[in-house]
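Geometric and topological summary
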Amino acid sequence: MLKVYRGELLHFLADPAKVALEDSYQYIEDGLLIIKDGLIEQVGEAADLLPTLDETIDVTHYENGLIMPGFIDTHVHYPQTEMIASFGEQLLEWLENYTFPFEDQFSDLEHGKKVAEFFLTQLVEAGTTTALVFGTVHKESVEAFFTVAQQKKLRMICGKVLMDQNCPEYLSDTAQTGYDDSKALIEKWHKTDRLQYAITPRFAPTCSKAQLNKAGELLAEYPDVYLHTHLSENINEIAWVEELFPHDDGYLDVYDKSQLLGRRSVFAHGVHLHDKECQRLGETDSAIAFCPSSNLFLGSGLFNLKQAQQFDVNVGMGTDIGAGTTFSMLSTLNEGYKTQQLRGDILSPFQSFYLATLGGAIALDLEGTIGNFTKGAEADFIVLDYHATPLMDRRVQHSKNISEKLFILSMLGDERHVKATHIMGERV
Ligand code: GUN
Ligand code: ZN
């Protein structure tokens, strides 16, 4: 069955930091997106493609909007939805005082389902169609999340948190139970419909060597699942890791020694990486989730995007809710731009939207499946509306080209500017 959408179209073909700008994207002012059985069939100029279509086919015309692939959130915590905007702390105190007590509720499957329903609705309304998601230590939290994501036909990646030290007793597993529960979840859910599993050690401070080694063992048994954790987010955290693991050569090396780096390994933050750590991430094809909203909220620091690019590290954008303060990828790009300004670096609008779409897909090893309009990709796409608010409506009248329009969307945009979200071609 064909579905056809007409409008202003943009998608990325490559990283604008690596190829000539004009080769990095395809932009069509009046384009057609042709979808067959939920997958991209063809994209091109409306004038060229319209005459090739059967006259009986309905064309949905999105006027005054920009059609692009759905956003990809490469790091977010669904159980932290209801504790977003908790005041006044940096990472370690924030975890202890707000986060851990809150995550206790997710031993209850029904509670997890209710929060997952709200979380996924918010995400989709903000134009995000795929995310790499933390559960809690409870296997029920992942069961709940996948159940709801499956009903919504979303491509989602999630995993049960592993933590067996330096956390409250009520949130603690063991190296063995963490391994067993993760394995059972992988067997049940990984690659069921559009769902995939991520082995999820919370971060080095809350994981014993035995637990990290078990995570590495599990990853070797299931090489096509993900590894998802936090890395070098906060100065006190890094000092603590060095105290806890004195025989390793820094934070990343703790993970490396347990065989946790690789093509489907995603490390959130990486705000304070040494060059040699960045180099190691690059050579192992690992990825970083850049989470500017969270990094600003917790006062963690300013991510060095240039350094990551220099060492050819895959980078995607993450909201990191509930340390991040927004579901909106547009608002997250706003904060990302400002973090780079404070570093004296410039984040171009093309680079921003690349990171939020194809960059995220590459970070998640899903290029060709999501992230752009390549033939055969899953047709998860959004329509951004320049006129949803009076201010953007006014501002955009003075814009001269797509670069300016993208910048305006990322500086003034939020959920209100996402006019429609489509999953496998269907509007939701
Ligand atoms: N490091 C370990 N756990 C967390 C968490 O829940 N949020 C953030 N931002 N950093 C972490
Ligand atoms: Zn996080």
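One can find the structure itself at the top, above this paragraph.
Residues numbered from 1 in each chain as written. Chains lettered and ligands numbered in written order. Predicted model: local features only at pLDDT ≥ 70, side-chain atom pairs only at ≥ 80, totals over all residues. Heavy atoms only, no water.

1. Examining the overall build of the chain
In terms of helices and strands, the chain carries 17 helices and 16 strands. For 428 residues, the compact-globule formula gives about 22 Å, and the C-alpha radius of gyration of the chain, at 21 Å, lands near that figure. Each principal axis of the C-alpha atoms in the chain carries an extent, and together these give about 65 × 45 × 40 Å. Taking all 428 residues of the chain together, the buried fraction comes to 62%. (Helix = DSSP H or I, 4+ residues; strand = E, 2+ residues; numbered from the N terminus. Rg over C-alpha atoms; globule rule 2.2 N^0.38 Å. Buried < 20%, exposed > 50% of the residue type's maximum accessible area, 1.4 Å probe, protein only.)

2. Considering the site of ligand 1
Every residue near ligand 1 is listed here: His-77, Gln-80, Leu-91, Trp-94, Leu-95, Arg-202, Phe-203, His-230, Glu-233, His-269, Asp-320 and Ala-323. The side chain of Arg-202 places a nitrogen or oxygen atom 2.7 Å from an oxygen atom of ligand 1. Contact between ligand 1 and Glu-233: a nitrogen atom at 2.7 Å from a side-chain N or O atom of the residue. Top contributing element to the shell around ligand 1 by residue count: helix α3 (residues 91-103), with three residues. When the residues that make up the shell around ligand 1 are grouped by side-chain class, the tally is five nonpolar, four polar and three charged. (Near = heavy atom within 4 Å. Polar contact = N/O pair within 3.5 Å; in protein donor to acceptor, adjacent residues only side chain to side chain. Nonpolar A, V, L, I, M, F, W, Y, C, P; charged D, E, K, R; others polar.)

3. A short note on helix α14 (residues 349-356)
With eight of its eight residues buried, α14 lies for the most part within the structure. Residues Pro-349, Phe-350, Gln-351, Ser-352, Phe-353, Tyr-354, Leu-355 and Ala-356 constitute the buried set of α14.

4. Topic: the coordination of the zinc ion (ligand 2)
Taken together, the protein ligands of the zinc ion (ligand 2) are His-75 (NE2), His-77 (NE2), His-230 (NE2) and Asp-320 (OD), with distances of 2.0 to 2.3 Å. Here the donor residues for the zinc ion (ligand 2) map to a single chain with the spacing H-x1-H-x152-H-x89-D. A residue pair is termed long-range when its members are at least 10 positions apart, and His-230 in strand β10 (residues 226-231) and Asp-320 in the loop between β13 (314-317) and α13 (329-343) qualify at 90 residues. What makes His-230 buried here is its relative accessible area of 6%. (Donors = N, O, S within 2.8 Å, 3.2 Å for Na, K, Ca; no water.)

5. Some remarks on the sheet that holds strand β16 (residues 426-427)
Taken in spatial order, the seven strands make up an open sheet running β3-β2-β1-β4-β14-β15-β16, and their pairing is mixed. The outermost strands of the open sheet, each flanked by one partner alone, are β3 (39-45) and β16. Bridge count for strand β1 (residues 2-12) against strand β4 (residues 59-69) is five bridges, and the pairing is parallel. Paired with Tyr-5 across the two strands is Thr-60, which belongs to β4. Here helix α17 (residues 402-412) sits on the sheet in contact with β1, β2 (25-36), β4 and β14 (381-385), set at roughly 75 degrees to β4. (Pairing = 2+ DSSP bridges. Contact = heavy atoms within 4.5 Å. Axes fitted to C-alpha atoms, helices over the stretch in contact; angles between N-to-C directions.)

6. What about the pattern of salt bridges?
Side chains that differ in sign of charge can pair as their charged atoms come close. Tallying each qualifying case throughout the model produces 29 salt bridges. A salt bridge links Arg-202 to Glu-103; the shortest N-O distance between them is 2.8 Å. Note that Arg-202 is positioned in the loop between β9 (195-201) and α7 (209-221) and Glu-103 in helix α3, a separation of 99 residues in sequence. Residue Glu-103 is classed as buried on the basis of its relative accessible area, which comes to 1%. Salt bridges linked by common partners bring Arg-155, Arg-194, Glu-378 and Asp-380 together as one network. (Salt bridge = Lys/Arg side-chain N within 4 Å of Asp/Glu carboxyl O.)

7. A look at the packing of helix α6 (residues 175-189) against α7
Helices that pack against each other are described as a pair by the angle of their axes relative to one another and the distance between those axes. Axis separation between α6 and α7 bottoms out at 9 Å; the angle between their running directions is 25 degrees. The orientation of α6 with respect to α7, classified from their angle, is roughly parallel. Pair α6 / α7 crosses with right-handed handedness. Two secondary-structure elements touch here, α6 through Ala-175, Gln-176, Tyr-179, Ser-182, Lys-183 and Ile-186 and α7 through Ala-210, Gln-211, Lys-214, Glu-217, Leu-218 and Glu-221. Taken together, the residues of the contact of α6 with α7 break down into five nonpolar, three polar and four charged. (Parallel < 35°, antiparallel > 145°, perpendicular 65-115°, else oblique. Left-handed = near helix turned anticlockwise from the far one by under 90°.)

8. Some details on the side chain of His-422
Mapping His-422 onto the fold places it in strand β15 (residues 418-423). Exposure remark for His-422: the relative accessible area of 1% places this residue in the buried category. A distance of 3.4 Å separates a polar atom in the side chain of His-422 from a polar atom in the side chain of Tyr-5. Each residue touching His-422, except ones within four places of it in the same chain, is listed here: Tyr-5, Tyr-62, Thr-129, Ala-379, Asp-380, Phe-381 and Arg-427.

9. Describing α3
One turn of the α-helix equals 3.6 residues, which is why residues spaced by three or four share an orientation. Between its first and last C-alpha atoms α3 spans 16 Å; for 13 residues at 1.5 Å apiece the expected length is 18 Å, and the helix comes up short by more than 12%. Its axis deflected by about 35 degrees at Asn-97, α3 carries its strongest bend there, up to four residues before the proline Pro-101. Among the residues making up α3, those that are buried are Leu-91, Leu-92, Trp-94, Leu-95, Thr-99, Phe-100 and Glu-103. Where α3 is buried, its residues contact α8 (235-244) and α11 (292-297). (Expected span 1.5 Å × (residues − 1). Bend = angle between axes of the 7 residues up to and from the residue.)

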